[in-house]
Amino acid sequence: MSPDGASGETYAYLGPELTFTESALLTVPGAAEARRVPATSVNAALQLVLDGEVGAAMVPIENSVEGGVTATLDAIAVSEELRIIREVVVPVRFNLLARPGTRLEDVRVVATHSHAIAQCRGWVDEHLPDVEYLPSSSTAAAGVALTGPGPWPWDAAICAPVVGERYGLTVLAADIGDRSGAVTRFVLVSRPRPLPPRTGSDKTTIVVPLPDDHPGALMEILEQFATRGVNLSRIESRPTGAYLGDYFFSIDAEGHLEDARVADALAGLHRISPATRFLGSYPRADESVPSVARHHRDQAFEEAFRWVRSLARRTGDGDPPRR
Ligand SMILES: O=C(O)C(=O)Cc1ccccc1
């Protein structure tokens, strides 16, 4: 095996070690043996990809409680040079960790990633109503900061259970997430490369700027999917930042660019919003296979296009009878 794992791939991820993002990355075949570079932010991880320092970066994109990770949605929306090549869904469980000797009633300041506090808000409000929250670049970064010499910037950190085990931190409270069964979805992002092959259980991510030159544009965008039987699994609006009211839609659609119904929907979107961007087609983590009606299958599209092309050549046979 090469020093960078079987595939020779190298990876960046939202670090440090023991973040949820790292656990997502370690599910990728070969990643455990590969060179892995922790980054201090989503943007820094993606920049390592753009600079060619690593082949791909794992970043969080969405979770089942808090919704989209805006830093990721915005960063991949603006770059022409990034493609999603894989998705990973990881269950998330949170512990409240502190230095040995700290009691729950001593905790005045808690640090963690913004998506972690959002998923533990109910527990924190109930058990630590007066606590101050400090955002940190990741859950694990908040935990690691407690292990160095003081003074410590916070009394406790919300992290994955494994952080407490690795660093000998005390578990002040276990499993404090408000929703059992919470999951986070991560995406592996690389520079443009040949698409992962179609599996029949795929997703396609696109970014569609909302045209503001005519009414009904959002409905027209949605119609492109609906009329071709393409189901959406995520749609979020994000401000472009240019001016108030200027939005783009970040969309995950079921299917692969090689599915005729998806390609045809993208062509329709391009007519409505020419700056539509394709961010990748990749296998679905849940491996579920959509049921596709006969008239939305590749064969129906091929036959229909063949029929249209044939019309100009027709000499009369097959035309409706003349009255
Ligand atoms: O901070 C981490 O460990 C991350 O990987 C980001 C994150 C934070 C909270 C839930 C899921 C992912």
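Structure: above.
The written sequence of each chain sets the order in which its residues are numbered from 1. Local features in this predicted model are restricted to residues whose pLDDT is 70 or higher, and side-chain atom pairs enter the listing and the counts only when it is 80 or higher, whereas totals over whole chains, interfaces and linings include all residues. Working from all heavy atoms in the structure, the side-chain values ignore hydrogens and water.

Chemist: What's the story with the sheet that holds strand β13 (residues 232-239) in this structure? I'm lost.
Modeler: Sheets are built from strands paired through backbone hydrogen bonds, the pairs being either parallel or antiparallel. By the convention used here, strands pair only if DSSP detects at least 2 bridges between them. Put simply, DSSP H or I for four residues or longer makes a helix, DSSP E for two residues or longer makes a strand, and each gets a number counted from the N terminus. Spatially, four strands are ordered β13-β14-β12-β15 in an open sheet, and the strand pairing comes out antiparallel. Each of the sheet's edge strands pairs with one partner strand only, and the pair in question is β13 and β15 (277-283). Neighbour-to-neighbour, the strand axes of this sheet turn through a mean angle of 15 degrees, independent of strand direction. With seven bridges connecting them, β13 and strand β14 (residues 247-254) associate as antiparallel partners. Bridge pairing links Ile235 to Ile251 in β14. This element, helix α3 (residues 70-78), spans β12 (202-209), β13, β14 and β15 of the sheet and lies at about 85 degrees to β13. Two residues qualify as a contact provided that any one of their heavy atoms is within 4.5 Å of a heavy atom in the partner residue. Where helices are involved, their axes are fitted lines through C-alpha atoms of the stretch in contact, as for all axes, and angles between N-to-C directions lie from 0 to 180°. Running over the sheet, helix α8 (residues 260-272) touches β12, β14 and β15 and is turned about 5 degrees from β12.

Chemist: Help me understand the site of the ligand, please; the structure alone is not making it clear to me.
Modeler: Around the ligand lies a shell formed by Leu14, Thr19, Phe20, Thr21, His113, His115, Ala116, Gln119, Ser138, Thr139 and Thr184. Contact distances for the ligand include 2.9 Å between an oxygen atom and a backbone N or O atom of Phe20. A 3.5 Å cut-off defines polar contacts: any pair of N or O atoms within that distance qualifies, except that in protein one atom must be a possible hydrogen donor and the other a possible acceptor, and neighbouring residues in sequence count only when both atoms are side-chain atoms. Here Thr139 contributes a side-chain N or O atom positioned 2.5 Å from an oxygen atom of the ligand. Protein contacts shield 99% of the accessible area of the ligand, which totals 320 Å² for the unbound molecule. Among the detected pockets, the ligand sits in the largest cavity. Examining the composition of the shell around the ligand, we find that three residues originate from one element, helix α4 (residues 114-127), more than from any other. For this classification, the nonpolar set comprises Ala, Val, Leu, Ile, Met, Phe, Trp, Tyr, Cys and Pro, the charged set comprises Asp, Glu, Lys and Arg, and every other residue, Gly included, is treated as polar. Grouping the amino acids of the shell around the ligand by side-chain chemistry returns three nonpolar, eight polar and no charged. Nearness here has a simple test: a residue counts as near a molecule or strand if at least one of its heavy atoms is within 4 Å of that partner. In this description, accessible areas are obtained by the Shrake-Rupley approach with a 1.4 Å probe, and a residue is regarded as covered only by the protein chains that are shown. Every definition here rests on a 1 Å grid over the protein atoms only: cavities are sets of points where a 1.4 Å probe fits but cannot get out, pockets are open sets enclosed by protein on both sides within 12 Å along at least five of seven lines, and lining residues have some atom within 4 Å of a point. Think of it this way: a molecule belongs to a cavity or pocket when more than half its atoms come within 2 Å of the grid points there.

Chemist: Can you walk me through the pattern of salt bridges in this structure?
Modeler: When the charged atoms of two side chains lie near each other, side chains of opposite charge can form a pair. Here, a salt bridge means any side-chain nitrogen of Lys or Arg that lies within 4 Å of a carboxyl oxygen of Asp or Glu. Summed over all chains, the structure comprises 20 salt bridges. With a closest N to O distance of 3.4 Å, Asp175 and Arg93 form a salt bridge. One end of the pair, Asp175, is in the loop between β10 (170-173) and β11 (183-190); the other, Arg93, is in the loop between β5 (83-91) and β6 (95-98), with 82 residues separating them in the sequence. Through salt bridges with shared partners, one network takes in Glu62, Glu87, Arg185, Lys203, Arg234, Glu236 and Asp252.

Chemist: Any chance you could explain the sheet that holds strand β9 (residues 156-159) here in plain terms?
Modeler: Spatially, the five strands line up as an open sheet ordered β8-β7-β9-β6-β10, and their pairing is mixed. At either end of the open sheet lies a strand with only one pairing partner, and these are β8 (132-135) and β10. With direction set aside, neighbouring strand axes in the sheet form an average angle of 35 degrees. Here strand β7 (residues 109-112) runs beside β8; their pairing, made up of four bridges, is parallel. Bridged to Ala111 within β8 is Leu134. Each of β6, β7, β8, β9 and β10 touches α4; the most contacted strand, β9, lies at about 105 degrees to it.

Chemist: Is there a simple way to explain the packing of α8 against helix α9 (residues 298-311) in this structure?
Modeler: Two measures define how a pair of helices packs: the angle their axes make with one another and the distance between the axes. It is at 8 Å that the axes of α8 and α9 come closest, and there the two elements cross at 60 degrees. On the basis of the axis angle, α8 is oblique to α9. Of the residues in α9, those in contact with Ala260, Arg261 and Asp264 of α8 are Asp298, Phe301 and Phe305. Among the residues making up the contact of α8 with α9, the classes are represented as three nonpolar, no polar and three charged. Any angle that is under 35 degrees is reported as roughly parallel, and any over 145 degrees as roughly antiparallel; angles of 65 to 115 degrees are reported as roughly perpendicular and all others as oblique.

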